[in-house]
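# Examining the three-dimensional arrangement
So you can see what is in the structure, the chains are spelled out below.
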Amino acid sequence: MDQWVTAASSLLAFLLYYNTLDAGFVYDDRRAILSNPDVIGHTPIKALFENDFWGTPLTDPGSHGSYRPLCVATYRLNYAFSGFKPWSYHLLNVFFHSTATALVVITAKRLLPTYCMKVGTVVTGLSFASHPIHTEAVAGIVGRADLAACNFFLLSFLLYTEHLRIRNRSHRRHCRDSYKQILTRHLDAEDQNFRLSCHGLVQQLLISVRKLLKAGKTGPLKVFNVCEVSVGPVQLSKCHCNACASEDAGELLQWCTLVGTLLFATAATLCKEPAIMVVPLCIIYDFLRDIRQDEPFSKYRWRSICALSTGGLTLLYWRLRIAGAPSGFAAADNPTARDLSFFTRFYTFTYLPVFNFFLLLYPFHLSFDWSMDAIPKITSIFDARNISSLIVYAAISKVSWKVLTSEIKRQQEKKDRFYKKQKTKQKWNNNCKHFSRRQYCSERKSNMPQKENASSKRSLCPCNGCKHSLTEEHTNVCRTVNNNNIMMHNSCVCPTGFGKAMAQRQHKHTYRSPQIAMLLFTAFMVLPFVPASNILFYVGFVVAERVLYIPSVGFCLLLGLGAGALTRTWRRNELRSRIFMFTLLVTLCAMCGATLRRNLDWRDEESLFRSALHINPPKAYGNLGSVLSTQGRVVEAEAAFERALKYRPNMADVHYNLGILHQNQRRYAEAIKSFEKAIYFRPSMALAYVNLGTSLMADGRLAEATSALRAGARADGIRVRDRREHDAARVSALVQLAALHSRRGHWHKALSSYKEALQILPVTNSPIVGWTRHNVLTMAGDIYIQLQQWAQAEHSVLSALALAPGHAATYLSLAQIVARNTSRNMEAETWFKKAITLAPDDPAVRDQFGMFLRSQRRLRESAEQLVTAARLSPTDSTRAASAARALRDARKCRSAERWYARAVELNPNEAEYHSNLGAILHLNGKYVAAASSYRRALQLQPNDQVTITNLKRVRTLMSNQRKK
């Protein structure tokens, strides 16, 4: 049954998110994956542990500070497997959600009270699999950080529960071994004879025969084997050795599970930072799980807690040391954090956890972003939302206090009963000589419940310590020590039983009460949310649905606990149980339907942004306008931008995108105004300077364009969100500035701009949003050529080749530079051939090599290269004419005629082609066709003297032929 629940929950989780496999990259996926050099593989593996989640170095002042190398490593594996195909990324997300669902079910089995086990486990697993709040984490690829962290979080917690089980078992074994040694010394020092009655002797013989038969079938028993009936020194030492070996193995397992707990906690933290809260959760569970306060047990407990706390604090210190605290963020991301009023911050941040809890309760009002004014700030104590905060916190406090006080009271009552029973037993022991065994047995039988079956009688009579009957494992040693089951009953030395008795003893001191479970599940829900609650430090968001993925585990466990409590007595009231099951089924179907519908919102960016228009209009309309502009829906995009600016006029991104839209429509005056507003609201926006300079150049205002581009190159980027994008914009500004200087003939200024761009780019050839060091070095080489500084040009191109040795165009540039020195013609030819080897289908390479061969008077080889170039671009009339000219120079007039005719066919309105075709026809003796071509050329270019002269010659030749 348990395995079926786990499998069904995981299968439901997979099926519900199956429709996300054909979704694309949306929202933050683009920055985290498509433009992340750590994902694409442009950086070494060690860079994963040096950069933040977005690929920015942690030492950069503008770094986001989110340190999640394991999550980025999974993206890198996806890219190595399938490139930028979204389905593989989504498939791994769905797999992580399915495994997390299975782990949640396993956790529920270990933590829920016994009477809640069946219904509670089903409700917990199915609700976690289908909760709509998980859609952002599963359907959004960036949410993988939360998915992976949750898996490691639960594995760490489950491993610690296993550590506690092994620790308690080792503690019980240690207690039995210690008492066995005391018992041995007691029996050796006892001088008086132990007398058995006839009835007792028969019972002892039966027990000995049973133990011998059992030992013959299954080997020595676990605690007291057959050899322990005798008290010989050899047998006792053998048993003692076995106990020591078992104790050492248990100790090793304890430390292994504890180390595994810390390792999984570390892995969870390396996926996402809030997962570090699994360490305090394990400590709380350790205190709530067991009620014993005796000194040996407390020593082992504190040893585990101290080791776990030390590991957790070390992990926290290392995390803060390597990445530091969260960096700054824009005021729009979390407006309350920048508010000057303490009370506004207090009221709002007190309400936000309540709002997140309401999202878990009613997950049908969701949004991809809750920044800006999606949740208005609470500025007054009379705001109605303060009432909900007060009610929730009061309810949680009251319930927690009531549970704690009742638990403390129950522990105290149990301790009092224990001491009272001890006093009674001691008094009974002092009068044991006058005690009648027959009377004692009759009293015990009279005190037993009347409605017990045979098996329960056998397991409860008569030993108070082990609950075994005289016909089972109740040995004479136990009866001797307990003085006929009267004294020291809490230190039973009978063998550990099997079946139900074993299970009863294993969970004897383990609390599975609903009160303790509710406290633990509340901690499961609250602790992982604390880092995102703005209590410890301010974070760069107001509400993020994917942050609730781990806390939702505790919420679903609470749902399972409540469902188990409601169905505890369901057999007594069939109508109530049917109503509950129907309600549960309807709720589950509603959650599944909401999840499937929400998945469709995350299919593409347009659907995602439209789904949030009623929650966060400025952000949604601004992003929607960008999507519509990309799709070419210009009118709708402009309307979306304008609506976004009506809600929030100071959005620099929206002004910038609107300027791009106007620029593409060649509405340069409006574009310039939009770019200027974007710069006004965000002076560090280098891209706005670049496009402002482009619009000014297009508008003919070159001096202003130069100033704008220079300002963009010097824009301050200390606290920019995306350092790579900012540096790429600065490089773009410098490249455009160099192009502007080149257009005006200022070659030295252009060269200076390229050198400044090289200082921004990294030493390696890693691209920064389209720009590489290789590109800029190649363009700088062209400037050196214009300045006729051939040595510097060659050095620049060779430096570019060192960064990109497989770039054919760079080899072509190097060949052209070397070819200017006639003494290096062989070297130039080598570079030309290297370029052809790298790009055999590039007609430009063939053109340049053909021209080089022509300069060497190797006309036939030149014609071959130019003909190949013309064949590689069959629609290019210029290359066809060049091939024809080369063939004519190589005296292949028939082939030249065909290529001239091809050039005329491709571009019939070019007079030069008709004139050249007439000339080759003239040479080939086709005078009539030549005259026709000359006449067509003169129609297109009437005053061409060369064509007129050639036409006269052809007419003369034609008249001479007639005379003959």
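Since the model is a prediction, treat every value here as computed from it, not as a measurement.

### Describing the overall build of the chain
A tally of regular secondary structure across the chain gives 41 helices and zero strands. The buried share of the chain, reckoned over its 964 residues, is 50%. Restricting to contacts in the chain with at least 6 residues of sequence separation, those with at least 24 account for 66%. Total accessible area on the chain stands at roughly 48200 Å², and carbon and sulfur atoms take up 59% of it.

### Remarks on the pattern of salt bridges
Tallied over the full model, the rule gives 37 salt bridges. A salt bridge links R879 to D847; its shortest N-O distance comes to 2.5 Å. With R879 in helix α37 (residues 877–889) and D847 in helix α35 (residues 843–855), this pair connects stretches of sequence that are 32 residues apart. Residues R879 and D847 agree in their burial class; the two are buried. D889 is the partner of R854 in a salt bridge, and the nearest nitrogen-oxygen pair spans 2.4 Å. Of the two residues, R854 is situated in helix α35 and D889 in helix α37; the sequence distance between them amounts to 35 residues. Accessibility expressed as a relative area gives 26% for R854, which makes it partly exposed. Taking the relative accessible area as the measure of exposure, D889 reaches 26% and is therefore partly exposed.

### With respect to the packing of helix α27 (residues 686–698) against helix α28 (residues 702–713)
Two numbers describe how α27 lies on α28: the axes approach to 8 Å, and their chain directions differ by 165°. Here α27 is positioned roughly antiparallel relative to α28, judged by the angle of their axes. For the element pair α27 and α28, the recorded crossing hand is left-handed. Residues A686, Y689, V690, L692, G693, L696 and M697 of α27 touch α28, and the partners they reach there are L702, E704, A705, A708, L709, A711 and G712. Residues of the contact of α27 with α28, tallied by class, amount to eleven nonpolar, two polar and one charged.

### Structural notes on helix α36 (residues 859–872)
Between the first and last C-alpha of α36 there are 20 Å, a value that for 14 residues agrees with the 20 Å anticipated at 1.5 Å per step. Taken as a whole, α36 has its buried residues at S862, A863, Q865, L866, V867, A869 and A870. In this structure, the buried side of α36 is in contact with α34 (825–838), α35, α37 and α38 (893–906).

### As for a nonpolar patch on the surface
There is a patch of nonpolar side chains on the surface, built from F358, L361, Y362 and F364 and spanning about 390 Å² of accessible area. Relative to the helices and strands, F364 is located in the loop between α13 (342–361) and α14 (385–430). A relative accessible area of 33% places F364 in the partly exposed class.

### Concerning the environment of H914
Within the secondary structure layout, H914 lies in helix α39 (residues 911–923). Judged by relative accessible area, H914 falls into the buried class, the value being 8%. Spatially, the C-alpha atoms of H914 and A930 are 9.0 Å apart, while their sequence positions differ by 16 residues. For H914, the contacting residues outside a window of four places in its chain are V904, P908, S933, R936, A937 and L940. A polar contact is formed between the side chain of H914 and the backbone oxygen of P908, at a distance of 2.8 Å.

### Points about the side chain of N616
Topologically, N616 is positioned in the loop between α22 (605–610) and α23 (617–630). Every residue in contact with N616, bar those within four places of it in the chain, is listed here: D369, W370, S371, M372 and A374.

### Observations concerning the environment of S732
Within the element layout of this structure, S732 appears in helix α29 (residues 723–743). Along the primary structure S732 and A757 are separated by 25 residues, whereas in three dimensions their C-alpha atoms are 8.5 Å apart. The residues contacting S732, other than those within four sequence positions of it, are V690 and W771.

### Remarks on unusual backbone geometry
Here Y27, not a glycine, exhibits a phi torsion of approximately 55°, which is positive. Structurally, Y27 can be placed in the loop between α1 (2–16) and α2 (29–34). We note that N534 has phi near 65°; this positive angle belongs to a residue other than glycine. Assignment of secondary structure puts N534 in the loop between α19 (514–526) and α20 (551–566).

### Quick word on the packing of aromatic side chains
Scanning the model with the defined rule gives 35 aromatic pairs in all. Within the aromatic cluster, the residues linked to one another by ring pairs are F25, Y79, F84 and Y89. Above the plane of the ring of F53 lies R68, whose end atom (NZ or CZ) is 5.1 Å from the centre. Positioned above the aromatic ring of Y351, the side-chain terminus of R385 is 5.4 Å from the ring centre.

### Describing the packing of helix α25 (residues 652–664) against α27
Think of two packed helices as two axes; the pair is described by the angle between the axes and how far apart they sit. Where α25 meets α27, the closest approach of the two axes is 11 Å, and the angle between their N-to-C directions is 25°. The angle between α25 and α27 falls in the class roughly parallel. Handedness of the crossing formed by α25 with α27: left-handed. Residues Y656, I660 and Q663 of α25 form the contact with α27, whose participating residues are L687, A688, N691, T694 and S695. Counted by class, the contact of α25 with α27 contains four nonpolar, four polar and no charged residues.

### Points about α39
With 13 residues, α39 extends 19 Å from end C-alpha to end C-alpha; this agrees with the ideal 18 Å at 1.5 Å per step. Within α39, eleven of the 13 residues are buried, which leaves the element mostly enclosed by the surrounding structure. Taken together, the buried positions of α39 are occupied by A911, Y913, H914, S915, N916, L917, G918, A919, I920, L921 and H922. G925, located one to two residues past α39, shows a positive phi value of around 85°.

### Digging into the state of the cysteines
Here a disulfide denotes a covalent bond joining the sulfur atom of one cysteine to the sulfur atom of another. A full pass over the atoms with the stated rule returns zero disulfides. Residue C556 stays outside any disulfide, its sulfur separated by 9.9 Å from that of C150, the closest cysteine. For C556, a relative accessible area of 0% gives the class buried.

### Looking at the environment of S341
Inspection of the secondary structure assignment puts S341 in the loop between α12 (295–323) and α13. For the pair S341 and T379, spaced 38 residues apart in sequence, the C-alpha to C-alpha distance is 8.4 Å.

### A look at the confidence of the model for the chain
Here the chain averages 80 in pLDDT, while 78% of its residues score no lower than 70. Across the chain, element-level confidence peaks in helix α5 (residues 86–111) with a mean pLDDT of 94 and bottoms out in helix α16 (residues 454–460) with 38. Scored below 50 in pLDDT, residues 214–243 makes 33 contacts in the model with residues more than four places away or belonging to other chains. Taken as a whole, residues 484–511 scores under 50 in pLDDT and shows 71 contacts with residues more than four places along the chain or in a different chain.

### Details of the side chain of E605
Among the structural elements, E605 can be located in helix α22. There is a polar contact of 3.1 Å between the side chain of E605 and the side chain of R30. In contact with E605, not counting residues within four places along its chain, are F25, V26, Y27, R30 and V627.

Conventions we followed
Residues numbered from 1 in each chain as written. Predicted model: local features only at pLDDT ≥ 70, side-chain atom pairs only at ≥ 80, totals over all residues. Heavy atoms only, no water. Helix = DSSP H or I, 4+ residues; strand = E, 2+ residues; numbered from the N terminus. Buried < 20%, exposed > 50% of the residue type's maximum accessible area, 1.4 Å probe, protein only. Contact = heavy atoms within 4.5 Å. Areas by Shrake-Rupley, 256 points an atom, 1.4 Å probe, with all protein chains shown as cover. Salt bridge = Lys/Arg side-chain N within 4 Å of Asp/Glu carboxyl O. Axes fitted to C-alpha atoms, helices over the stretch in contact; angles between N-to-C directions. Parallel < 35°, antiparallel > 145°, perpendicular 65-115°, else oblique. Left-handed = near helix turned anticlockwise from the far one by under 90°. Nonpolar A, V, L, I, M, F, W, Y, C, P; charged D, E, K, R; others polar. Expected span 1.5 Å × (residues − 1). Patch = residues over 30% accessible without salt bridge, like charges linked within 9 Å, V, L, I, M, F, W, Y side chains within 5 Å. Polar contact = N/O pair within 3.5 Å; in protein donor to acceptor, adjacent residues only side chain to side chain. Phe/Tyr/Trp six-rings, centres within 6.5 Å; stacked < 30°, edge-to-face > 60°. Lys NZ or Arg CZ within 6 Å of the ring centre and 35° of its normal. Disulfide = S-S within 2.5 Å. pLDDT = per-residue confidence, 0-100.

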